[in-house]
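Each chain is listed here by its residues.
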Amino acid sequence: MRKFTFAASAAALFAVSVLVAPSASATADGCGDLSNGQLCIKHPSTPGGTYTTEYFKHSGGDVKVELGYQSRYSNKMQPKHFDSGWLTAKSGKTLKKGRYLTLDKGWCIRPLLKTHDDEFVGKWYCL
């Protein structure tokens, strides 16, 4: 009985964490497919430069979103940054927000998208 209770608790905790921040399904490093679009972090060819969060909405009605990013180093998570302000995502259009960052080898970065109700995370791109 004790093993079942632990397994059930772990499954419930996992389900809650998925609902809080749904992750994009795997594509290329730094990109992920959401149910109605693709969320990516575009990166420069060198570690320091402009990193751009892009969201291409391929279906559904207009929605207000904020774009951002999160970085980590040696599995130490940095704060989330939403710096785009509220933008209107329209079907068939791409939204972009770039920022200059100096990241070195060992750092990872991922794109973030927030609506008024949900927050979505893309896949990590690691240097």
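Residues numbered from 1 in each chain as written. Predicted model: local features only at pLDDT ≥ 70, side-chain atom pairs only at ≥ 80, totals over all residues. Heavy atoms only, no water.

**With respect to the pairing of strand 3 (residues 37–42)**
Consideration 1: Pairing analysis gives four bridges linking strand 2 (residues 31–34) to strand 3, with the strands arranged antiparallel. Counted as the bridge partner of Cys31 is Cys40 from strand 3.
Consideration 2: Hairpin connection of strand 2 to strand 3: two residues between the antiparallel strands.
Consideration 3: The sheet contact formed by strand 3 and strand 4 (residues 48–57) spans six bridges and is antiparallel. Bridge pairing links Leu39 to Tyr55 in strand 4.
Consideration 4: With antiparallel pairing between neighbouring strands as the criterion, strand 3 and strand 4 make up a hairpin whose turn holds five residues. (Pairing = 2+ DSSP bridges. Helix = DSSP H or I, 4+ residues; strand = E, 2+ residues; numbered from the N terminus.)

**Let's talk about the nonpolar core**
As a rule of thumb, soluble globular proteins bury nonpolar side chains together.
Consideration 1: Of all hydrophobic cores here, the largest spans eight residues; its members are Leu34, Leu39, Tyr55, Val65, Leu67, Ala89, Leu95 and Leu113.
Consideration 2: Ile41, Tyr51, Tyr69 and Leu101 belong to the second largest nonpolar core, which has seven residues in total. (Core = buried A, V, L, I, M, F, W, Y, C linked by side-chain atoms within 4.5 Å. Buried < 20%, exposed > 50% of the residue type's maximum accessible area, 1.4 Å probe, protein only.)

**Comments concerning the confidence of the model for the protein chain**
Consideration 1: The predicted model of the protein chain averages 81 in pLDDT, with 77% of residues at 70 or higher.
Consideration 2: Of all secondary-structure elements in the protein chain, the lowest mean pLDDT belongs to helix 1 (residues 2–20), at 41, while strand 8 (residues 87–89) reaches the highest, 96.
Consideration 3: Low pLDDT, under 50, characterises residues 1–23; the predicted model gives this stretch eight contacts beyond four residues in sequence or across chains. (pLDDT = per-residue confidence, 0-100. Contact = heavy atoms within 4.5 Å.)

**Overview of the environment of His81**
Consideration 1: The topology assignment puts His81 in strand 7 (residues 81–82).
Consideration 2: Using a relative accessible area of 34% as the deciding quantity, one classes His81 as partly exposed.
Consideration 3: Not counting chain neighbours up to four residues away, the residues in contact with His81 comprise Leu67, Gly68, Tyr69 and Leu112.

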